[in-house]
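Remarks on the overall topology
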Amino acid sequence: MGYKDQIDLLKLPEHVAIIMDGNGRWAKGKGKLRIFGHHNGVLSVRDVVEGAGEIGVKYLTLYTFSAENWNRPSFEVTAIMELLVSTINKEIKKLMQNNVRLNAIGDLNMLPGKCHKELLGAIEKTSANTGLVLTLALSYSSRREIMQAAKNIAAKVERGELKADDINEDVFAQNLYTANMPDPELLIRTSGEYRISNYLLWQIAYAELYFTNKLWPDFRKEDLFEAILDYQKRERRFGKTSEQVN
Ligand code: IPE
Ligand code: IPE
Ligand code: MG
């Protein structure tokens, strides 16, 4: 029996977040340039999006490019941005067929003009789709997101629209890029690195973390199903005792 058949569809994580890491090392291992790894990483994205849709995951959020990634050599940055544009163009038809709604979080104004425009166009085109919500984290920094939320809230208080005393976790969450999305129950990171790299720090407060040594271009929907199965075997206690949650 494959992993997919063992998944309990009544206990699916609603939101899965993935740190897609290891493209460069994958390419290097094959004696190729890093960008070859990024190109092959797109195949993994396609397969995983399909897999998530097949089992009924509602939100899939992919760490695609971090705010820190701007510090990479400019030829790599340029190549990734070009890849993003060509991928959006190529995949839009499939997103429509599969009823996927595209979304993006991060400092999108930092993206090159063409890239930004294509992205917003695709988001608009898929906006009425009702299936999987596919969110790309682009030029994303969780600390900046949190800081920006604090600024927005402070401005509302200054304008007299909100009382400082009324700021609570819900108000705060509504000022993050992920407002209206449930928190991820499962966070996957590939490539054998055990860190969060400034991703969804607020939102993963109680996420289950899953690490695999597989490099992102080798990751397929079966690996997603395996991670979800692992998640389903865990006991999520949220601070309570095992007896309380059983
Ligand atoms: C992840 O793979 C993709 C991005 C960060 C854009 P990497 O490019 O980080 O690959 P490694 O970690 O160097 O192998
Ligand atoms: C995290 O990967 C960002 C993305 C996957 C887009 P990195 O490769 O940039 O993370 P670090 O630098 O190893 O922490
Ligand atoms: Mg990396």
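Attention in this report is confined to the structure presented alongside it. This one's a predicted model, so the numbers in the text were calculated from it and none came from an experiment.

Things to note about the side chain of glutamine 232
With respect to the helices and strands, glutamine 232 occurs in helix 8 (residues 221-232). What makes glutamine 232 buried here is its relative accessible area of 18%. The residues contacting glutamine 232, other than those within four sequence positions of it, are Gln6, Ile7, Asp8, Lys11 and Leu12.

Some remarks on the sheet that holds strand 4 (residues 133-140)
Read across the sheet, six strands follow the order 3-4-2-1-5-6 without closing on themselves; strand pairing throughout is parallel. Taken across any chain shown, the strands that pair with only one partner, and hence form the sheet edges, are strand 3 (101-105) and strand 6 (208-211). Along the sheet, successive strands turn relative to each other by an average axial angle of 20°, direction set aside. Relative to strand 2 (residues 59-66), helix 3 (residues 34-55) is tilted by about 160°, and along the sheet it contacts strand 1 (15-19), strand 2 and strand 4. Strand contacts of helix 5 (residues 113-125): strand 3 and strand 4, with the helix running at about 140° to strand 3, the strand carrying the most contacts.

A short note on the pairing of strand 1
Where burial is concerned, most of strand 1 is hidden: five out of the five residues are buried. Of the two faces of strand 1, the one carrying His15, Ala17 and Ile19 and the one carrying Val16 and Ile18 are both buried. Sheet topology note: the strand 1/strand 2 ladder contains five bridges and is parallel. Residue isoleucine 19 lies in a different strand from strand 2, and its bridge partner there is tyrosine 63.

A closer look at the site of ligand 2
In the region of ligand 2, the neighbouring residues are Ile19, Met20, Asp21, Tyr63, Thr64, Phe65, Asn69, Arg72, Arg189, Arg195 and Ser197. Arginine 72 places a side-chain nitrogen or oxygen 3.3 Å from an oxygen atom of ligand 2. The separation between an oxygen atom of ligand 2 and a polar side-chain atom of arginine 195 is 2.7 Å. Coverage of ligand 2 by the protein chains reaches 77% of its 390 Å² of free accessible surface. With respect to the pocket detection grid, ligand 2 is positioned in the largest pocket. Taken together, the residues of the shell around ligand 2 break down into four nonpolar, three polar and four charged.

Details of the layout of surface pockets
Space inside the largest pocket adds up to approximately 970 Å³. Lining the largest pocket are 42 residues, and of these Met20, Asn23, Tyr63, Thr64 and Phe65 sit closest to its centre. Of all elements in the fold, only helix 2 (23-29), helix 3, strand 2, helix 4 (74-97) and strand 4 reach the threshold of two or more residues within the lining of the largest pocket. Looking at the lining of the largest pocket residue by residue, the class counts come to 19 nonpolar, eleven polar and twelve charged.

Some details on the packing of helix 4 against helix 5
The description of two packed helices rests on the angle between their axes and on the distance between the axes. In contact at an axis separation of 9 Å, helix 4 and helix 5 are set at 15° when each is read in the N-to-C sense. Of the possible angle classes, the one that applies to helix 4 and helix 5 is roughly parallel. In the crossing of helix 4 with helix 5, the sense of the turn from one axis to the other is left-handed. Where helix 4 abuts helix 5, its residues Met81, Leu84, Val85, Ile88, Asn89, Ile92 and Met96 lie against Lys114, Cys115, Glu118, Leu119, Ala122 and Lys125.

Examining the packing of aromatic side chains
Taken as a whole and judged by the stated rule, the model has ten aromatic pairs. Here the aromatic rings of tyrosine 63 and tyrosine 140 are separated by 5.9 Å at their centres, their planes lie at 85°, and the arrangement is edge-to-face. In this pair, tyrosine 63 sits in strand 2 while tyrosine 140 sits in strand 4, placing the two residues 77 residues apart along the sequence. Each of the two residues, tyrosine 63 as well as tyrosine 140, counts as buried. Pairing tryptophan 216 with phenylalanine 219 gives two aromatic rings, centres 5.1 Å apart and planes at 20°, and the pair type is stacked. Comparing tryptophan 216 with phenylalanine 219 shows no difference in burial state: the two are buried. Of the aromatic side chains, those joined through ring pairs into one cluster are Tyr63, Tyr140, Tyr177 and Tyr199. Over the ring of phenylalanine 36 we find lysine 32, and its NZ or CZ is 5.0 Å from the ring centre.

What counts as what
Residues numbered from 1 in each chain as written. Chains lettered and ligands numbered in written order. Predicted model: local features only at pLDDT ≥ 70, side-chain atom pairs only at ≥ 80, totals over all residues. Heavy atoms only, no water. Helix = DSSP H or I, 4+ residues; strand = E, 2+ residues; numbered from the N terminus. Buried < 20%, exposed > 50% of the residue type's maximum accessible area, 1.4 Å probe, protein only. Contact = heavy atoms within 4.5 Å. Pairing = 2+ DSSP bridges. Axes fitted to C-alpha atoms, helices over the stretch in contact; angles between N-to-C directions. Near = heavy atom within 4 Å. Polar contact = N/O pair within 3.5 Å; in protein donor to acceptor, adjacent residues only side chain to side chain. Areas by Shrake-Rupley, 256 points an atom, 1.4 Å probe, with all protein chains shown as cover. 1 Å grid on protein atoms, 1.4 Å probe; cavity = no way out; pocket = protein on both sides within 12 Å on 5 of 7 lines; lining within 4 Å. Sits in = over half its atoms within 2 Å of the grid points. Nonpolar A, V, L, I, M, F, W, Y, C, P; charged D, E, K, R; others polar. Points joined across faces, edges and corners; volume = space filled by probe spheres on them. Parallel < 35°, antiparallel > 145°, perpendicular 65-115°, else oblique. Left-handed = near helix turned anticlockwise from the far one by under 90°. Phe/Tyr/Trp six-rings, centres within 6.5 Å; stacked < 30°, edge-to-face > 60°. Lys NZ or Arg CZ within 6 Å of the ring centre and 35° of its normal.

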